[in-house]
Amino acid sequence: MSMPRTLAAAAFGTVSLLALAGCSSAPADAEAPETAAEDYYPITVTDMAGNEVTIESAESVAITDNRFFQLAADWDLPISVAPRDLMSPENPLADDEEILNIGTHSEPDFEQIVAADPDLVINGYRFSGEENAQGVQDAAPDAAFVEMTGPEDQSVDEYVVESLTLMGEVFDRKDEAAALIEEFHAAVDGAKAAYDTDSTVMGLITSGGEINYANPIDGRGSSIFFDLLDLTPAETAAIAQGPYVVIGSL
């Protein structure tokens, strides 16, 4: 007997949150974690691009990689500037006017980074392109620049483990990072167990009020789950025949 669709959907949702946001939300009654101790720095880390980076301080942090916005909120990191327009409205940092707003990757306001004068930059994803990455570096030339975009052939599992491990090293949160990695792997195992292997899967993406097909190899948003969860892609004929599960992305 196949697993109920509601359980499968819940498992997919859990993995989605962990894989794309990099963490789960902290309990409402949990105490806010302290920021990394001053005596922890300076440290030298190897970022996701393979660069050795020495971090002298993390009192003022610029973050452009939206995969780690929720992590920044959950860990109560001292974010001074970020593209808040890219944040989920559910993220408490989105409405924090004390965080200078870069805007979006399409029309970034790098002057906000200059004004914030951060001592550490966490850069990546939509800002990993040469023009935007250089713009961020030029706006904060004295800041330690940690690139969070890994090699193109890196698997989702490898990226989640390596990036969370790196963030734990950067902010002296190694135990918290290890716990998130364990939670991620548990979510992946749960999703695989819930998936009905007789069902094929189709990825969809919505943009500008339109719903489009996201291919299972490199389609935006949903394609990462096919390899991660060993999903069977739906061929055109199979879509009409079913059964199938749909996973989508905004």
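Owing to the predicted nature of the structure, the values given are computational and were not obtained by experimental measurement.

Looking now at the sheet that holds strand 3 (residues 61–63). Taken in spatial order, the five strands of this open sheet run 5-4-3-6-7, and their pairing is parallel. Since the sheet does not close on itself, it has two edges, and those belong to strand 5 (100–101) and strand 7 (144–147), each with one partner. With two bridges joining them, strand 3 and strand 4 (residues 79–82) adopt parallel strand pairing. Bridge pairing in strand 4 links Val61 to Ile79.

A separate point is the pattern of salt bridges. Inspection of the entire model under this criterion finds three salt bridges. Among the salt bridges present, the one from Arg67 reaches Asp65, with a minimum N-O distance of 2.7 Å. The pair formed by Arg67 and Asp65 is uniform in burial state, with each residue classed as buried. In this structure, Glu97 and Arg84 form a salt bridge, with 3.5 Å as the shortest nitrogen-oxygen distance. Separated by 13 residues along the polypeptide, Glu97 in the loop between strand 4 and strand 5 and Arg84 in the loop between strand 4 and strand 5 bring together distant segments of the chain.

Our next topic: the pairing of strand 8 (residues 200–207). When a strand is regular, its side chains alternate between the sheet's two faces. Here five bridges tie strand 8 to strand 9 (residues 210–214), and the two strands are oriented antiparallel to one another. Its bridge partner being in strand 9, Leu204 is matched across the sheet by Tyr213. Where strand 8 hands over to strand 9, the hairpin turn is made up of two residues, of which Gly208 adopts a positive phi near 60 degrees.

Right, let's get into unusual backbone geometry. The linkage connecting Tyr41 with the following residue, Pro42, adopts the cis geometry, with an omega of 5 degrees. You can see Pro42 is positioned in the loop between helix 1 (5–21) and strand 1 (43–46). With a phi close to 55 degrees, Asp76 is a non-glycine residue in the positive phi region. Relative to the assigned elements, Asp76 resides in the loop between helix 2 (69–74) and strand 4. Since its relative accessible area comes to 38%, Asp76 is described here as partly exposed. The phi dihedral of Asp230 is positive, around 55 degrees, even though this residue is not glycine. Mapped onto the secondary structure, Asp230 falls in the loop between helix 7 (224–229) and helix 8 (236–241).

What counts, and at which threshold
- Residues numbered from 1 in each chain as written.
- Predicted model: local features only at pLDDT ≥ 70, side-chain atom pairs only at ≥ 80, totals over all residues.
- Heavy atoms only, no water.
- Pairing = 2+ DSSP bridges.
- Helix = DSSP H or I, 4+ residues; strand = E, 2+ residues; numbered from the N terminus.
- Salt bridge = Lys/Arg side-chain N within 4 Å of Asp/Glu carboxyl O.
- Buried < 20%, exposed > 50% of the residue type's maximum accessible area, 1.4 Å probe, protein only.

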